[in-house]
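An overview of the molecular structure
Spelled out from the first residue to the last, the chains are:
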Amino acid sequence: MPHISFSALKDWNFCAWYHKLTRIDGIGRFQGNAYTAFGNAIHEVCEKKLLNEKVDENEHFIQSFERFLDGLPEKQDDKLVEQMRSQGKEIIPEIDVALKDYFGEYEVVGSEISLEEDIEDEDEYHFVGYIDGVVKTPDGKYHIFDWKTCSWGWDARKKSDPMVTYQLTLYKYFFSKKMNIDPKLIETHFALLKRTAKKNRVEFFRVTSGPRKTNNAVKLLNKALYNIKNKRYIKNRLSCSKCDFCKTEHCS
Ligand code: SF4
């Protein structure tokens with residue numbers, strides 16, 4: 001069934017031609033690197049911690065990291081990989097502490113919650129995604145959050161960038177529909193897992209996703225689908241300096 005994820009929407013917003021090349025023609029899709037292998041491995045540990053699964057977390061992290069590295073098309077820098085092994089082990093003990101400090105008392109509603117939802121005014125495409133974590137606090141609020149690995153953290157601009165935070169806005173919108181929960185009872189947060197920070201390696205922060213922002217995010221989703229379905233692949237020259245296709249046979 002045709003579907004769109006937040007990352008596909010982000011690619012389309014970056015440049016509709018880029019979206020066509022990567023998502024429709026399947027050209028030059030990013031295959032991953034040491035950073036994504038690290039992110040995937042630490043993500044797995046976060047999931048286990050949230051679900052309170054009894055595993056040797058460091059061991060699990062190291063094994064997952066190796067597995068994701070083995071799946072990459074190219075060998076990664078040994079020094080960086082070694083640093084990442086230590087950085088992962090430093091982050092892991094701070095995850096539970098940060099969850100407790102930030103939410104206080106909470107119950108886990110779910111981890112890796114799958115979304116495959118109808119989109120309003122759209123009869124062909126579904127919205128798909130995975131919500132990393134949802135917890136419920138004693139005040140009756142549901143808290144959706146997404147783990148993000150990074151180096152030292154995010155600056156204020158990135159923390160409020162619509163094309164970063166719309167991910168949570170859309171997850172809230174579709175989660176609310178899926179679970180039939182009043183959006184007023186749902187809050188959204190990012191959880192940064194910082195590789196190179198010397199302290200506060202796990203930082204939660206709230207992202208507001210009110211009705212106006214939700215409306216804007218859904219409008220963008222509909223606009224992208226309208227253009228994709230009508231094969232309108234307009235080049236966004238403002239993004240060329242950040243694009244691997246710039247001045248290649250695929251985009252000159
Ligand atoms: S080089 Fe520019 S126009 Fe071409 S795909 Fe990339 S961003 Fe789009």
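Here, the structure is the one placed above.
Residues numbered from 1 in each chain as written. Predicted model: local features only at pLDDT ≥ 70, side-chain atom pairs only at ≥ 80, totals over all residues. Heavy atoms only, no water.

**Observations concerning empty space enclosed by the protein**
Going through the model one piece at a time under the given rule, you end up with one cavity of 30 Å³ or more. Put simply, the largest cavity is a space of about 110 Å³. In terms of lining, the largest cavity is formed by 15 residues, of which the most central are Cys15, Cys240, Cys243, Phe245 and Cys251. Examining the composition of the lining of the largest cavity, we find that three residues originate from one element, helix H2 (residues 16-24), more than from any other. Class assignment of the residues belonging to the lining of the largest cavity gives a composition of 10 nonpolar, two polar and three charged. (1 Å grid on protein atoms, 1.4 Å probe; cavity = no way out; pocket = protein on both sides within 12 Å on 5 of 7 lines; lining within 4 Å. Points joined across faces, edges and corners; volume = space filled by probe spheres on them. Helix = DSSP H or I, 4+ residues; strand = E, 2+ residues; numbered from the N terminus. Nonpolar A, V, L, I, M, F, W, Y, C, P; charged D, E, K, R; others polar.)

**Side note on the site of the ligand**
Neighbouring residues of the ligand: Cys15, Trp17, Tyr18, Lys235, Asn236, Arg237, Ser239, Cys240, Cys243, Phe245, Cys246 and Cys251. Here the residues of the shell around the ligand sort into eight nonpolar, two polar and two charged. (Near = heavy atom within 4 Å.)

**Examining the layout of surface pockets**
Counted as a void, the largest pocket has a volume near 1400 Å³. The wall of the largest pocket is formed by 37 residues, among which Ser7, Lys10, Thr36, Lys148 and Gln167 lie closest to the centre. Mapped by element, the contributors of at least two residues to the lining of the largest pocket are helix H1 (6-14), H2, helix H3 (34-50), strand E3 (122-136), strand E4 (142-150) and helix H7 (162-179). Among the elements that make up the lining of the largest pocket, the one with the highest residue count is H3 (six residues). In the lining of the largest pocket, the residues fall into 14 nonpolar, 12 polar and 11 charged. Of the voids in this model, the second largest pocket is the one considered here, and its volume is about 320 Å³. Lining the second largest pocket are Asp11, Phe14, Tyr18, Thr22, Gly28, Phe30, Lys242, Cys243, Asp244 and Phe245. Those elements giving two or more residues to the lining of the second largest pocket turn out to be H1 and H2.

**Overview of the packing of helix H4 (residues 57-70) against helix H5 (residues 78-103)**
Two measures define how a pair of helices packs: the angle their axes make with one another and the distance between the axes. Direction vectors running N to C along H4 and H5 enclose 145 degrees, while the axes themselves pass 10 Å from each other. The element H4 and its partner H5 pack so that their crossing is right-handed. In contact with Glu57, Asn58, Phe61, Ile62, Phe65, Glu66 and Leu69 of H4, H5 contributes Val81, Met84, Arg85, Gly88, Lys89 and Ile92. Of the residues that constitute the contact of H4 with H5, the class distribution is seven nonpolar, two polar and four charged. (Axes fitted to C-alpha atoms, helices over the stretch in contact; angles between N-to-C directions. Left-handed = near helix turned anticlockwise from the far one by under 90°. Contact = heavy atoms within 4.5 Å.)

**Quick notes on the packing of aromatic side chains**
In total, this model carries 19 aromatic pairs according to the counting rule given. With a centroid separation of 5.2 Å and 80 degrees between ring planes, the pair formed by phenylalanine 14 and tyrosine 18 is classed as edge-to-face. Residues phenylalanine 190 and phenylalanine 205 carry aromatic rings whose centres are separated by 5.9 Å and whose planes lie at 50 degrees to one another, so their mutual orientation is tilted. With phenylalanine 190 in strand E5 (residues 186-194) and phenylalanine 205 in strand E6 (residues 202-207), this residue pair connects regions lying 15 residues apart in the sequence. Judged by relative accessible area, which is 0%, phenylalanine 190 ranks as buried. One aromatic cluster is present, built from ring pairs that chain together Tyr102, Phe103, Tyr106, Phe145, Trp147 and Phe204. The ring of phenylalanine 205 carries lysine 159 above its face, with NZ or CZ at 4.8 Å from the centroid. Looking at lysine 235, its charged tip hangs above the ring of tryptophan 17, at a distance of 5.0 Å from the centre. (Phe/Tyr/Trp six-rings, centres within 6.5 Å; stacked < 30°, edge-to-face > 60°. Buried < 20%, exposed > 50% of the residue type's maximum accessible area, 1.4 Å probe, protein only. Lys NZ or Arg CZ within 6 Å of the ring centre and 35° of its normal.)

**Concerning H3**
When the terminal C-alpha atoms of H3 are compared, their 24 Å separation across 17 residues agrees well with the 24 Å that a helix rising 1.5 Å per residue should span. Listed in full, the buried residues belonging to H3 are Ala34, Ala37, Phe38, Gly39, Ala41, Ile42, Glu44, Val45, Cys46, Lys49 and Leu50. Tucked into the core, H3 has its buried residues touching H4, H5, strand E2 (107-119), E3, E4 and E5. Capping the start of H3, asparagine 33 holds a side-chain oxygen 2.9 Å from the backbone nitrogen of tyrosine 35, two or three residues further along. (Expected span 1.5 Å × (residues − 1). Polar contact = N/O pair within 3.5 Å; in protein donor to acceptor, adjacent residues only side chain to side chain.)

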